[in-house]
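# Fold and geometry: a report
Listed below are the residues making up each chain.
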Amino acid sequence: MTPRLRFAPSPTGYLHVGGARTALFNWLYARRHGGTFVLRIEDTDTQRSSDDMVSGILDGLRWLGIDWDEGPEVGGPHAPYFQSQRLDRYRAAVSDLVSRGCAYEDDGAIRFRVPQGTTTFHDEVHGPISFDNAHLESFVILRSDGHPTYHLSVVVDDIDMGITHVVRGDDHISNTPKHVLLFEAFGATPPRFAHVPLIMGADKKRLSKRHGATSVLEYERQGYLPDALFNFLALLGWGTGTDDELLSREELVQRFTLDGISGGNAVFNTDKLDWFNHQYLLKLSDDALVAHLRPFLIEAGLWRDAFHSTDHAWLVQVLALLRPRAQRLTEFATQFRPFCVAPTEYDTEGVRKHLSASDSAAHITALAACVTASAWNVETLERDLRALAEARGIKAAVLIHAARLAVTGRMVSPGLFDMLVLIGRNAVVTRLQRLARQLPLPVAPSAAAHE
RNA sequence: GUCCCCGUCGUCCAGAGGCCCAGGACGUGGCCCUUUCAAGGCUAAAACACGGGUUCGAAUCCCGUCGGGGACGCCA
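Now for a description of the structure that goes with this document.

Rules used in this analysis
- Residues numbered from 1 in each chain as written.
- Chains lettered and ligands numbered in written order.
- Predicted model: local features only at pLDDT ≥ 70, side-chain atom pairs only at ≥ 80, totals over all residues.
- Heavy atoms only, no water.
- Phe/Tyr/Trp six-rings, centres within 6.5 Å; stacked < 30°, edge-to-face > 60°.
- Helix = DSSP H or I, 4+ residues; strand = E, 2+ residues; numbered from the N terminus.
- Buried < 20%, exposed > 50% of the residue type's maximum accessible area, 1.4 Å probe, protein only.
- Axes fitted to C-alpha atoms, helices over the stretch in contact; angles between N-to-C directions.
- Parallel < 35°, antiparallel > 145°, perpendicular 65-115°, else oblique.
- Left-handed = near helix turned anticlockwise from the far one by under 90°.
- Contact = heavy atoms within 4.5 Å.
- Nonpolar A, V, L, I, M, F, W, Y, C, P; charged D, E, K, R; others polar.
- Near = heavy atom within 4 Å.
- Polar contact = N/O pair within 3.5 Å; in protein donor to acceptor, adjacent residues only side chain to side chain.
- 1 Å grid on protein atoms, 1.4 Å probe; cavity = no way out; pocket = protein on both sides within 12 Å on 5 of 7 lines; lining within 4 Å.
- Points joined across faces, edges and corners; volume = space filled by probe spheres on them.
- Pairing = 2+ DSSP bridges.

### A look at the packing of aromatic side chains
- Counted under the stated rule, the structure contains 15 aromatic pairs.
- With a centroid separation of 6.5 Å and an interplanar angle of 25°, the aromatic rings of F336 and F339 are classed as stacked. Linking F336 with F339, this pair stays in helix α12 (residues 329-340), spanning 3 residues, or about one helical turn.
- A residue is classified by how much of its surface remains accessible, and F336, at 1% relative accessible area, is buried.

Set out below in structure tokens:
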């Protein structure tokens, strides 16, 4: 029997990293064993569910590269995959239970009759877990408005859809005995359960809307690569048993096992996510990088269609300089700006440090003349600048720092000479001359630094 | 309060009785490189919650304590 797994989000909120990671584990297991991954929308709470949330969840999964074999938009043999469209099925199941005395009416709602005894199930990550049924109240399975509750609908659907493995959050452990009892009441064999630990915020508090439980699509906006987030999430609460960490989807699929899931909660560590992202950024092909970067450059007003044609080679060279110093795509856009446009303002700290000497203007003017005459390549530019510094009796660093400020307006950039070559002689000379004319620049009162 | 789960460096993951005076990664400190910031190289600090057992031997098994998390809805 090939395994069938499902991810069953409720569209009462967006897809955050916790849900995404649960979906990912289900997906990994299904792919590992040639099984089927089902997406089912649990929208029985009509008040709080919304279509926007549904499409947001689908978009989030697609962005992460988690595809589903059955579910919304793709259909499947057990359609519909929205619980709100399966109400008749639940009502029929409930009356079946009532007719057999397994459930009873209570003020218009239907409650399940919990038998005495102990309910035990084997959890793939925790081992055997048992509950005294005395702690399970006769829970409601059909509300007085005719809508099923979660407990009823999950079980009915998991039976109908032939789900063999239920991989879900730890917070469902205490619901599981209720579900096991329902499976038994319906004469069905319960699926295998695997409860995965929850993801916590940096403060070790459970992720909530107020606590970093942002939509995974927000990570896209913040400049993370889907493969990086995927890799990072896969290793949160699960380990391969080896020291390997940078693993492709294929490798992750190949190595995934339920018993590799750890039992304790895991803290979401943004620093490590950034590191993963950096690693994936470095591995990206030039074309893939450009494709990922495009929306960010458009947003920054720096995109040119020529990047696909005449300026492509130039773009690739610039990106090569930026890659090692960017963790996220958003930083690329920021660092990319000086390669396209002249600075409109100069870092005040930088001005104070590198442009406030009485002879700064003279140095810059001399430098402008120097680069105007220099051959336009990294080696010559550096040699000529150093020669100029020596002739003027100053350290090369003085000219280098001043030049960086003049050309980028900032104190931080890629190596000066590599950068100058790509920015181009005309733009460089223009920027140097313009700054020389503006010097001395007003320096903010140093009191500002003490605030 | 009751029930359930969990407890190895700050964080994530290794470790399933001797291979561990505990390994890798992120982060942090130092050094090197250096025109800035990164990247890179080298290096350092950093953990088996505590107390009892079991055993020749325990991070690994058992019990208790403490701590963390979760669930106790006509939410999912």
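And the narrative resumes.
### As for the packing of helix α14 (residues 360-373) against helix α18 (residues 425-438)
- Close contact between α14 and α18 brings their axes to 8 Å; oriented N to C, the two are set at 160°. With respect to their mutual orientation, α14 and α18 come out roughly antiparallel. For the pair α14 and α18, the sense of crossing is left-handed. When α14 is examined against α18, the residues A361, I364, T365, L367, A368, V371, T372 and A373 are found in contact with a partner set consisting of R425, V428, V429, L432, Q433, L435 and A436.
- Looking at the contact of α14 with α18, its residues break down into 11 nonpolar, 3 polar and 1 charged.

### Some thoughts on the protein's contact with RNA strand B
- The immediate surroundings of RNA strand B are formed by 62 residues, with R143, K204, R325, R404 and S413 found nearest.
- Counting only atoms of RNA strand B within 4 Å of the protein, the fraction found in sugar and phosphate groups is 73%.
- One of the side-chain nitrogen or oxygen atoms of D243 is found 3.2 Å away from a sugar or linking oxygen of RNA strand B.
- The contact in question runs from a base nitrogen of RNA strand B to an N or O atom on the side chain of R325, over 2.4 Å.
- The element contributing the most residues to the surface near RNA strand B is helix α9 (residues 270-283), with 4 residues.
- A breakdown of the residues in the surface near RNA strand B according to their chemical character gives 21 nonpolar, 24 polar and 17 charged.

### What about empty space enclosed by the protein?
- Applying the stated criterion to the full structure yields 1 cavity of 30 Å³ or more.
- There is about 30 Å³ of room inside the largest cavity.
- Taken together, L367, V371, L385, A403, V407, L420, V428 and L432 make up the full set of residues lining the largest cavity.
- Broken down by secondary-structure element, the contributors of at least two residues to the lining of the largest cavity are α14, α16 (396-408) and α18.

### Focus: the sheet that holds strand β3 (residues 103-106)
- Read from one edge of the open sheet, 3 strands run β3-β4-β7, paired in antiparallel fashion. Two strands lie at the open edges of the sheet, namely β3 and β7 (140-142), each paired on one side alone. The average undirected angle you get between the axes of adjacent strands in this sheet is 45°.

### Structural notes on the environment of D123
- Mapped onto the elements, D123 comes out in strand β5 (residues 118-123).
- Not counting the four nearest positions on each side in its chain, D123 is found in contact with P128, I129, F193, A194 and H195.
- A polar contact is formed between the side chain of D123 and the backbone nitrogen of H126, at a distance of 3.0 Å.

### Considerations on the pairing of strand β4 (residues 109-112)
- Sheet analysis places β3 next to β4, joined by 4 bridges and oriented antiparallel. Its bridge partner being in β4, E105 is matched across the sheet by I110.
- Linking β3 back to β4 in an antiparallel pair, the connection comprises 2 residues, with D107 at a positive phi of about 55°.
- In terms of strand pairing, β4 meets β7 through 2 bridges, oriented antiparallel. From the neighbouring strand, I110 faces β7, where its bridge partner is L142.

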